[in-house]
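Take a look at the letters that make up each chain.
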Amino acid sequence: MNQPLASTTVRTTCPYCGVGCGVLATPQADGSVAIAGDPEHPANFGRLCSKGSALGETLSLDGRLLYPEIDGARVTWDEALERVANTFTQTIAEFGPDSVAIYGSGQLLTEDYYVANKLMKGFIGSGNMDTNSRLCMASSVAGHRRAFGSDTVPGNYEDLELADLVVLVGSNLGWCHPVLYQRIVKAKAERPNMRVVLIDPRRTVTADIADLHLAVQSDGDSALFVGLLAHLADNGVTAPDFVAAHTSGLDATLLVAEDWSVARVASATGLSEKSVALFYDWFAATEKAVTVYSQGVNQSASGTDKVNAIINCHLLTGRIGRPGMGPFSVTGQPNAMGGREVGGLANMLAAHMDFTPEAIDRVGRFWGSDRVASRPGLKAVDLFAAMARGEIKAVWIMATNPVDSMPEADAVRAALAACPFVVVSDMSARTDTGVTAHVRLPAAGWGEKDGTVTNSERRISRQRPFLALPGEVRPDWWIVKEVASRMGFEQAFSYRSPAQIFAEHVALSAFENDGARDFDLSGLASADYGNLPPTQWPVRHRPAARMFGDGAFFTSDGKARFVPVLPPPPFAPAPGSFILNTGRVRDHWHTMTRTGKTARLSAHYAEPFVEIHPADAEALNIRRASLVRLSNRHGSVVVRALVTDRQRRGHLFVPMHWTDQFASNGRIDALVTAKVDPFSAQPALKMAEVHAEPVHTRIYGFFVSAGRPVLDAGYWAIAEAIGGTRGELGWFEEPLDWSEWLRAAFGLSGAAIVESVLDARSGRRNFAVIEKGRLVVALYTAPDPVLVSRQWATDLLVADNLGASAVLAGRPGADMPDSGAIICSCFSVGINTITAAVTQQGCSTVEAVGACTRAGTNCGSCRAEIRGIIDASRLQAAE
Ligand SMILES: Nc1nc2c(c(=O)[nH]1)N[C@H]1C(S)=C(S)[C@@H](COP(=O)(O)OP(=O)(O)OC[C@H]3O[C@@H](n4cnc5c(=O)[nH]c(N)nc54)[C@H](O)[C@@H]3O)O[C@H]1N2
Ligand SMILES: Nc1nc2c(c(=O)[nH]1)N[C@H]1C(S)=C(S)[C@@H](COP(=O)(O)OP(=O)(O)OC[C@H]3O[C@@H](n4cnc5c(=O)[nH]c(N)nc54)[C@H](O)[C@@H]3O)O[C@H]1N2
Ligand code: SF4
Ligand SMILES: [Mo]
């Protein structure tokens, strides 16, 4: 780990999800950093989830990019910056400003983002600055702008606690916004009449708090909310004064909606009429209703319409901008919101202004530039398509990993490989995108960088550094301004600190803004940046907690718009194909460049998997824990079968996290189609069509190793473990010589390999290499999925005085109990320990299990899974 800046506690903000929790980081004498939730931060009041709690374990310099590189060789910053500036300048001179692009990220700080956007749109003079928020928030932005005239999230987190009905649409809040989820859990425990409805094709852990789970058919959401609008109108559940004074377009909207009876909605969504009617009755009867939505809504070819179908229901009932009410788009990344503020999307210019002639003129005068882009640039999917056609000749990618996270990811990889000049700014030395780069620039990461982020409730918080910059790492804003200066724009980019950039951002938000633009930070003009407390925007005089309660919107006539929504026909994959749904798991973050470094977080799910319904699995002869190939015309992956009835029939779910760094063939975005929403250009990442088939695997394997192996097998997946690595293997042909294979994979040269053939007929063989009583490698192989307890075997890596027979036996002895798959990552408590607490010690509540085992008593993210174990034991006892 690099040097701490001081040994005192630093108040900062979590770099993962859009909840934006306050974190207290305290560097310790032994070089580690103690992490705690900030009790004073209004997002989390001291709580953290499993990912936040493990932040201290992601700070090692292993795998960090520490020096600038050109063509893989270390160079000085001067050489790297010159190369980037000169190549961009020459390319622009030869092919025009639209031949270059920046592709940024909601993981940049606002100050980094502001400077990058200013360079591209203000001085290069092209709109070609887009961001991974196109994959994430674009449909919410477009929906907000259609309805409100501005990209505004009206409410705040407190509304989720004050509501009597919380509707979660396409949101796995329990895993993806765990602290918000915990806030709802607590509010519900205090007010048991509060209800939660979950709308998601999968029964996720979030269903644990749901009074009603509607396992809607993919993209059935529009039909569901259009039907709700009709139901509310038919039953007189409206706010006529609000609608008359503050909205327009209701009649045309109802005209489209009125055909959507409960029966029709039921058939379009795959739900029962009874459950649709129950949801409608609850919504109608509950004034204080909040509708929270996330990627099940946004990542769709009809995402913008889904957003407006939801907002329409809140406008009709006047349930917006008041305590406990409103539509609520929760953001994914820590600074998804900040990126929208600075204009990081290709169709926005800056400070919530788009490309109108007045805004172009205004921003040009403010920046002192006469070359401001005159029109929107290429949006992510179009950007990489243009690159594939040779139209983008130089691209700069910052803080995102499109070779893994863009749809049709193999085509994105090919486009980058063909692009004449690729620059990647990243913290990691090796990512699937970084390997395509001509120039790699080492960026400062969390704990080192300094700036602001804005969370889902429009609250701006400071990220503050507590570690020195390691190697020659530099903050992103510095890198961009150095390139800008070398391109001849030094005057406009003479920044010396993030504080100076923030002050300019504040000034632009207020520039010629007489209340006509929602994004206004004028009240922060003389703020003390160093001590800036978490603050919600807009800040004209004082921060605004909620917006639109007064009925004042940002459209030309000040009225909100109802948007007529025509639900799309249900997606019908070809016979024999599946709908592929994708998303997240609790303990990993996107492409795993940070969470993949912690053993604790890697233990929850240690390999890529596909959730498949038992009936579908049986029909395809896919056995539990066997390997499955998913494919379509864009690509294929091989992942583990997780057979579960949480999944609807005909649907599959695969997590987005696994990359070529962690698995042989798990990049699911290779299969995801680049079909986009017509209004937002956000791709439909939740709905591809794929084939599934069993992979004929000769031998399965599981290993633990003190070192990091280089694996040559048909299937492999590797994960960090305490004391080394662990991993899963599958061979489609049996290796000719096992010793040879082991020596090559684990770099064993002369070490003695002990082998035991447990069952010569079936071919179960185990191997061990032990040196001085410590395990070097254990490998368990079998013709069927290996049954060895992963946790037990992983614990062998830290055991002393090991004998070969104990390791080769492949099952726990009396002195080494098996705690089972890790459920609670904070305290590493496994499923077997929890089950024993339930069955042997009579713990019948989550609290009792916590008291016995500590599981679930820190971040609480695993409480739903613990409840699942208690319920399963109860069922078993009853059988
Ligand atoms: N642990 C963890 N947390 C994260 C992240 C992470 O990587 N890991 N990433 C962060 C980011 S950037 C984001 S954007 C958020 C995303 O947060 P979420 O949107 O909550 O997460 P996802 O898993 O992408 O998708 C949510 C759910 O949408 C459902 N869904 C799929 N199709 C449909 C549909 O047609 N209709 C409905 N109603 N539901 C559907 C999926 O089954 C899935 O359970 O999470 C943030 N938090
Ligand atoms: N199939 C499918 N695909 C998806 C999604 C899905 O649900 N399904 N979700 C989409 C969504 S919502 C999102 S947000 C994207 C996320 O996808 P990505 O943005 O591609 O994923 P990350 O792994 O977060 O990439 C961040 C990169 O930035 C680096 N980094 C971290 N901090 C810094 C920094 O301060 N500076 C710099 N320069 N680099 C830094 C990290 O090492 C990492 O390489 O994926 C999208 N893709
Ligand atoms: S909920 Fe977890 S990941 Fe999200 S900001 Fe809070 S601690 Fe970080
Ligand atoms: Mo996201």
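What counts, and at which threshold
Residues numbered from 1 in each chain as written. Chains lettered and ligands numbered in written order. Predicted model: local features only at pLDDT ≥ 70, side-chain atom pairs only at ≥ 80, totals over all residues. Heavy atoms only, no water. Helix = DSSP H or I, 4+ residues; strand = E, 2+ residues; numbered from the N terminus. Rg over C-alpha atoms; globule rule 2.2 N^0.38 Å. Buried < 20%, exposed > 50% of the residue type's maximum accessible area, 1.4 Å probe, protein only. Contact = heavy atoms within 4.5 Å. Areas by Shrake-Rupley, 256 points an atom, 1.4 Å probe, with all protein chains shown as cover. Lys, Arg positive; Asp, Glu negative; His and termini not counted. Charge placed at Lys NZ, Arg CZ, Asp CG, Glu CD. Domains from an automatic or database assignment. Salt bridge = Lys/Arg side-chain N within 4 Å of Asp/Glu carboxyl O. Polar contact = N/O pair within 3.5 Å; in protein donor to acceptor, adjacent residues only side chain to side chain. Near = heavy atom within 4 Å. Nonpolar A, V, L, I, M, F, W, Y, C, P; charged D, E, K, R; others polar. Phe/Tyr/Trp six-rings, centres within 6.5 Å; stacked < 30°, edge-to-face > 60°. Lys NZ or Arg CZ within 6 Å of the ring centre and 35° of its normal. Pairing = 2+ DSSP bridges. Axes fitted to C-alpha atoms, helices over the stretch in contact; angles between N-to-C directions. Expected span 1.5 Å × (residues − 1). 1 Å grid on protein atoms, 1.4 Å probe; cavity = no way out; pocket = protein on both sides within 12 Å on 5 of 7 lines; lining within 4 Å. Points joined across faces, edges and corners; volume = space filled by probe spheres on them.

### A look at the overall build of the protein
Logical step 1: Along its length, the protein carries 29 helices and 36 strands.
Logical step 2: The globule rule puts the C-alpha radius of gyration for 879 residues at 29 Å, and the 27 Å found for the protein is close to it.
Logical step 3: Across the 879 residues that make up the protein, the buried fraction comes to 63%.
Logical step 4: Considering only contacts within the protein whose residues lie at least 6 apart along the sequence, 71% involve residues at least 24 apart.
Logical step 5: Split by element, the accessible area of the protein, about 30700 Å² in all, is 51% carbon and sulfur.
Logical step 6: Across the protein, 81 positive and 92 negative side-chain charges occur, with their mean positions spaced 2 Å apart.

### A closer look at the environment of Phe 703
Logical step 1: Its place among the elements puts Phe 703 in strand S29 (residues 699–705).
Logical step 2: Sequence spacing of Phe 703 and Phe 767 is 64 residues, and the spatial spacing of their C-alpha atoms is 9.2 Å.
Logical step 3: Ignoring any residue separated from it by four or fewer positions in sequence, one finds Phe 703 in contact with Pro 709, Leu 711, Ile 718, Thr 725, Arg 726, Gly 727, Glu 728, Leu 729, Phe 746, Ala 778 and Leu 779.

### A short note on the domain arrangement of the protein
Logical step 1: In terms of domains, the protein is made up of domain 1 (10–58), domain 2 (69–136 + 335–536), domain 3 (138–329), domain 4 (578–694), domain 5 (699–808) and domain 6 (822–878).
Logical step 2: Computed from C-alpha coordinates alone, the two centres of domain 2 and domain 3 are separated by 34 Å.
Logical step 3: Facing 16 residues of domain 2, the contacting portion of domain 3 comprises 16 residues.
Logical step 4: The salt bridge involving Arg 340 is made with Asp 151; its shortest N-O contact spans 2.7 Å.
Logical step 5: Linking domain 2 with domain 3 are 12 residue pairs in polar contact (both at pLDDT 80 or more).

### Details of the site of ligand 2
Logical step 1: Looking at ligand 2, there are 32 residues lining it, with Gln 107, Ser 405, Asp 426, Lys 449 and Thr 591 nearest.
Logical step 2: The contact in question runs from an oxygen atom of ligand 2 to an N or O atom on the side chain of Gln 107, over 2.7 Å.
Logical step 3: Thr 591 has a polar side-chain atom sitting 2.5 Å from an oxygen atom of ligand 2.
Logical step 4: Notes on ligand 2: free accessible area 920 Å², of which the protein chains cover 99%.
Logical step 5: Partitioning the shell around ligand 2 into residue classes produces 10 nonpolar, 15 polar and seven charged.
Logical step 6: No fewer than three residues from each of domain 2 (69–136 + 335–536) and domain 4 (578–694) sit in the shell around ligand 2.

### Description of the packing of aromatic side chains
Logical step 1: Enumeration over the complete set of coordinates arrives at 30 aromatic pairs.
Logical step 2: With a centroid separation of 5.4 Å and 45° between ring planes, the pair formed by Tyr 16 and Trp 589 is classed as tilted. Separated by 573 residues along the polypeptide, Tyr 16 in the loop between strand S1 (10–13) and strand S2 (22–27) and Trp 589 in the loop between strand S23 (578–583) and helix H22 (599–602) bring together distant segments of the chain. Accessibility classification places Tyr 16 together with Trp 589 in one group, the buried group.
Logical step 3: Between Phe 225 and Phe 279, the aromatic rings sit 5.9 Å apart at their centres with planes inclined by 75°, giving edge-to-face as the arrangement. Residue Phe 225 is located in helix H8 (residues 221–234), and its partner Phe 279 is located in helix H12 (residues 273–285); the two are separated by 54 residues in the primary sequence.
Logical step 4: With a relative accessible area of 1%, Phe 225 lands in the buried category.
Logical step 5: In this structure, Arg 74 packs its charged tip against the face of Tyr 67, placed 3.5 Å from the ring centre.
Logical step 6: We note Arg 458 situated over the ring of Trp 537; from NZ or CZ to the ring centre the distance is 5.7 Å.

### Quick look at the side chain of Asn 128
Logical step 1: For Asn 128, the position within the fold is in the loop between helix H3 (110–124) and strand S7 (129–131).
Logical step 2: Among the residues examined, Asn 128 registers a relative accessible area of 4% and is labelled buried.
Logical step 3: Among the polar contacts listed, one links the side chain of Asn 128 to the backbone oxygen of Val 100, at a separation of 3.1 Å.
Logical step 4: Setting aside chain neighbours within four positions, we find Asn 128 in contact with Asp 98, Val 100, Ala 101, Ile 102, Met 120, Gly 377, Leu 378 and Ile 392.

### Digging into unusual backbone geometry
Logical step 1: A cis amide bond links Trp 537 with the next residue in sequence, Pro 538, at an omega value of 0°.
Logical step 2: Here Pro 538 is to be found in the loop between strand S21 (535–536) and strand S22 (560–561).
Logical step 3: One non-glycine residue, Met 592, lies in the positive phi region at around 65°.
Logical step 4: With respect to the helices and strands, Met 592 occurs in the loop between S23 and H22.
Logical step 5: With relative accessibility at 3%, the residue Met 592 sits in the buried group.
Logical step 6: The backbone phi angle of Ala 681 is positive, close to 60°, even though this residue is not glycine.
Logical step 7: For Ala 681, the location among the structural elements is in the loop between strand S27 (651–655) and strand S28 (688–694).
Logical step 8: Accessibility expressed as a relative area gives 12% for Ala 681, which makes it buried.

### Quick look at the sheet that holds S1
Logical step 1: On the basis of which strands lie adjacent, the open sheet formed by three strands has the order S1-S2-S3 and antiparallel pairing. Edge positions in the sheet fall to S1 and strand S3 (33–37), since each has one partner strand and no second. Sheet twist, expressed as the mean angle between neighbouring strand axes with direction ignored, is 35°.
Logical step 2: Sheet topology note: the S1/S2 ladder contains four bridges and is antiparallel.

### A short note on H12
Logical step 1: Between its first and last C-alpha, H12 extends 18 Å over 13 residues, near the 18 Å set by a 1.5 Å rise per residue.
Logical step 2: Those residues of H12 that sit buried are Ser 275, Val 276, Phe 279, Tyr 280, Trp 282, Phe 283 and Ala 284.

### Some details on the layout of surface pockets
Logical step 1: Computed from the structure, the largest pocket encloses a volume of approximately 1800 Å³.
Logical step 2: Residue assignment for the lining of the largest pocket shows that the elements contributing at least two residues are strand S24 (609–612), strand S26 (635–643), strand S31 (724–731), helix H25 (790–795), strand S35 (822–824), helix H27 (831–839) and helix H29 (863–878).
Logical step 3: Element by element, the count of residues in the lining of the largest pocket is highest for H29, at nine residues.
Logical step 4: By residue class, the composition of the lining of the largest pocket is 23 nonpolar, 11 polar and 14 charged.
Logical step 5: Counted as a void, the second largest pocket has a volume near 530 Å³.
Logical step 6: Lining the second largest pocket we find 24 residues, and of these Asp 62, Gly 63, Thr 593, Lys 597 and Phe 662 sit closest to its centre.
Logical step 7: Per-domain counts for the lining of the second largest pocket show at least three residues from each of domain 2 (69–136 + 335–536) and domain 4 (578–694).

### Here's the deal with the environment of Pro 538
Logical step 1: Pro 538 sits in the buried class, given a relative accessible area of 3%.
Logical step 2: Beyond its immediate chain neighbours, meaning those up to four positions away, Pro 538 contacts Arg 458, Asp 518, Asp 520, Pro 543, Ala 544 and Met 547.

### Points about the pattern of salt bridges
Logical step 1: Counted according to the given criterion, the structure contains 53 salt bridges.
Logical step 2: The shortest N-O distance in the salt bridge between Lys 186 and Glu 190 comes to 3.4 Å. One end of the pair is Lys 186 and the other is Glu 190, both in helix H7 (residues 178–190) and four residues apart, which spans about a single turn.
Logical step 3: Residue Lys 186 is classed as partly exposed on the basis of its relative accessible area, which comes to 45%.
Logical step 4: In this structure Glu 190 comes out as exposed when scored by relative accessible area, which is 55%.
Logical step 5: For Asp 645, the salt bridge identified is with Arg 203, shortest N-O distance 3.4 Å.

### Points about the pairing of strand S33 (residues 764–771)
Logical step 1: Pairing analysis gives five bridges linking strand S32 (residues 754–759) to S33, with the strands arranged antiparallel. For Val 757, the partnering residue across the bridge sits in S33 and is Arg 765.
Logical step 2: The turn linking S32 back onto S33 is made up of four residues, and Gly 763 within it adopts a positive phi angle of 85°.
Logical step 3: Strand direction decides the pairing type here: S33 and strand S34 (residues 774–782), joined by seven bridges, are antiparallel. Its bridge partner lying in S34, Phe 767 is registered against Leu 779.

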